[in-house]
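Per-entry structural report
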Amino acid sequence: MGRQSSSPLDTTLIEAPESDGPDGRGGPGLVPALVLLWSRDEPERVGEAISLPPGGRERVYTVGRAVTVDDDGSIPLSLGQLRPSGRVDTGPLRAAHISRRQLSIAHEGKDRLRVEQTGRGVLRLDGHALAVGVVEPGALIEVENRFTLLYTHRPASWLRPIGERRGEHPFAAADRWGIVGESPATWELRRQAAFLAGRDEHALILGPSGSGKELLVQAIHGQSSRQGRPLISRNAATIPEMLIDAELFGNLRNYPNAGMPERAGLLGQADGSSLFLDEIGELPQQLQAHLLRVMDRGEYQRLGEPKVRVADVRIIAATNRDPSELKHDFLARFPHRMEIRGLDRRPEDALLIARHLLKKIAASDPQVVAPVLSAQGEPLLAPELVAALASYSYTTHVRELSELLWRALHATTGPTLGPPRELVRVRRERPADPEPLPAPGTLSREHVLEVLERCGGVKEVAWRELGLRNRYQLHRLLKKLRID
């Protein structure tokens, strides 16, 4: 049976962290990163990330096709496949219609980035067309008809370069348990699942409906010492109150009613394995008490049978309710508790899951997805759909995402999958216009002289005060305005 903790101090609540810190902010050991959510010509690269090197507060970076440092000292950034095992560099964006220097990026105080359009096309920051602006974590950076980036963070430890990956599932694809995602939150779930797989105590999985609790349970059981026996699963909410003992513990033939077949019960079926009870919070508290004895010592009795049986079973339960709603002594018998975040907290994973779901649909129903697939079999999403999925307030998460994709498929004839009407209408509130910065051409000679005087002639301070990209831009401006 699952070993029960001997002390409440052994209880652990393992929370899956946000992709960033609270409210999407960075934290210790995290570096700013721009995750590619959409690329018109390179859809297979979705999920790759551009990381801004730590300690680069004084530098200006560029995003585009450039691979060498420019004359003004700006440093080109390239994409990479980032994982806890390290970074596989995949190079800059390659599409011909992307400028060599498409965007200019610079730090603007803690957790803020200044983004300027320096190439062809329209720049949109959280949906607002701007030539230059300041963004915070969670912002969408779109170059119209070219690519879409999400500003987030990645652990600095993930930047260690490696030549190739060995023994890992392909980047951006589902792992062996069906879990999809490259965000720190999803990789932390994988790590915690492996940790719980090495323990044998009962475990409680917390998280909203449709967030993937069942996949996580399969990952825990499949890596445990019990993996040789099948995982026994049952939705606790579907067990009739009058039959709970018979369902859980089993019964002898003709007991309690004539004609009833003999049943081993869920515990008998799960002997030597794991028993997954989903939606355990829907089980009334008086019925939760029926499980206490078996959770402590594995002891139970089949209905109509006088002898006591012992089952070697580990119970893994899941609920979308607050754990405080469970019977207190029932809750105390779960020394390990793990929480899954919804798609709202990891929007970059939502796009990878959408890609995965569309490929699954294409495998079973190729005609419906064929109009929006590339020659290489990659789903071609419209940038409007990408922005909507990354901004949507999900209620049932992956289930809702699947429903939205089906609605989009019903309404789309190709060549790209656009958003259904309801997805455009119901959007999570985005912030107001990002803070704009002045373009150099709008700065008057008088204003520049005023700022220089206020800064004591220190140009390293003045270019920041003026909202320019770097000191080289200030030098060109001073020359243009004939300021010595």
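First things first, this report covers the structure right here in the doc. These figures come from a predicted structure and were not determined experimentally. (Residues numbered from 1 in each chain as written. Predicted model: local features only at pLDDT ≥ 70, side-chain atom pairs only at ≥ 80, totals over all residues. Heavy atoms only, no water.)

**What to know about the overall build of the chain**
- Counting its regular elements, the chain contains 15 helices and 22 strands.
- Buried positions account for 53% of the 484 residues belonging to the chain.
- Carbon together with sulfur atoms contributes 51% to the accessible area of the chain, which is approximately 21800 Å² in total. (Helix = DSSP H or I, 4+ residues; strand = E, 2+ residues; numbered from the N terminus. Buried < 20%, exposed > 50% of the residue type's maximum accessible area, 1.4 Å probe, protein only. Areas by Shrake-Rupley, 256 points an atom, 1.4 Å probe, with all protein chains shown as cover.)

**Notes on the nonpolar core**
- Within the largest apolar cluster, 43 residues are counted, with the highest numbers of intra-cluster contacts made by Leu37, Leu389, Tyr394, Leu401, Leu405 and Leu417.
- Sorting the residues of this core by element identifies strand 2 (30-39), helix 8 (347-364), helix 10 (383-391) and helix 11 (398-411) as the ones contributing at least two each.
- Considering every element that reaches this core, the biggest residue donor is helix 8, with nine residues.
- Every residue in contact with Leu405, bar those within four places of it in the chain, is listed here: Ala354, Leu357, Leu358, Leu389 and Leu417.
- Core analysis: the next-biggest nonpolar cluster, separate from the first, contains 29 residues, Ile280, Leu292, Tyr300 and Ile315 among them. (Core = buried A, V, L, I, M, F, W, Y, C linked by side-chain atoms within 4.5 Å. Contact = heavy atoms within 4.5 Å.)

**Examining unusual backbone geometry**
- Backbone geometry at Asp111 places phi at a positive 65°, although glycine is not the residue there.
- Looking at where Asp111 falls in the secondary structure, it is placed in the loop between strand 8 (103-107) and strand 9 (113-117).
- A relative accessible area of 11% means that Asp111 is categorised as buried.
- Despite not being glycine, Asn145 has its phi angle at roughly 65°, a positive value.
- Among the structural elements, Asn145 can be located in the loop between strand 13 (140-143) and strand 14 (147-155).

**Quick look at the packing of aromatic side chains**
- By the definition in use, this model includes three aromatic pairs.
- Aromatic pair Phe330 and Phe334: ring centres 5.2 Å apart, planes at 85°, arrangement edge-to-face.
- Judged by its relative accessible area of 0%, Phe330 falls in the buried class.
- Note on Phe334: relative accessible area 0%, which makes it buried.
- On the basis of an interplanar angle of 75° and a centroid distance of 4.9 Å, the ring pair of Tyr392 and Tyr394 is categorised as edge-to-face. For the pair Tyr392 and Tyr394, one class covers both residues: buried.
- One Lys or Arg, Arg190, reaches over the ring of Trp187 and ends 4.5 Å from the middle of that ring.
- A cation sits over an aromatic face here: Arg199 above Phe195, 4.6 Å from the ring centre. (Phe/Tyr/Trp six-rings, centres within 6.5 Å; stacked < 30°, edge-to-face > 60°. Lys NZ or Arg CZ within 6 Å of the ring centre and 35° of its normal.)

**A short note on helix 1 (residues 184-197)**
- Taking 1.5 Å per residue, 14 residues should reach 20 Å; helix 1 reaches 20 Å between its end C-alpha atoms and fits that length.
- Of all the residues in helix 1, the buried ones are Pro184, Ala185, Thr186, Trp187, Leu189, Arg190, Gln192, Ala193, Leu196 and Ala197. (Expected span 1.5 Å × (residues − 1).)

**Here we look at the pattern of salt bridges**
- Inspection of the entire model under this criterion finds 34 salt bridges.
- Ionic pairing is found between Asp175 and Arg190, a salt bridge with its closest N-O pair at 2.8 Å. With Asp175 in the loop between strand 14 and helix 1 and Arg190 in helix 1, the pair connects residues that are 15 residues apart, well separated along the chain.
- Given a relative accessible area of 11%, Arg190 falls into the buried group. (Salt bridge = Lys/Arg side-chain N within 4 Å of Asp/Glu carboxyl O.)

**A word on the packing of helix 8 against helix 10**
- Where helix 8 contacts helix 10, the two axes come as close as 8 Å, and the packing angle between them is 125°. Relative to helix 10, helix 8 is oriented oblique. Pair helix 8 / helix 10 crosses with right-handed handedness. The residues of helix 10 that touch helix 8, namely those facing Pro347, Ala350, Leu351 and Ala354, are Val386, Leu389 and Ala390.
- Among the residues forming the contact of helix 8 with helix 10, the class breakdown is seven nonpolar, no polar and no charged. (Axes fitted to C-alpha atoms, helices over the stretch in contact; angles between N-to-C directions. Parallel < 35°, antiparallel > 145°, perpendicular 65-115°, else oblique. Left-handed = near helix turned anticlockwise from the far one by under 90°. Nonpolar A, V, L, I, M, F, W, Y, C, P; charged D, E, K, R; others polar.)

**Observations regarding the environment of Leu478**
- By the secondary structure assignment, Leu478 is in helix 15 (residues 471-480).
- Relative accessible area serves as the criterion here: at 4%, Leu478 is assigned to the buried category.
- Expressed as a C-alpha distance, the spacing of Leu478 and Leu449, which sit 29 residues apart in the sequence, is 9.4 Å.
- In this structure Leu478 touches Val448, Leu452, Lys459 and Ile483, once residues within four positions along its chain are discounted.

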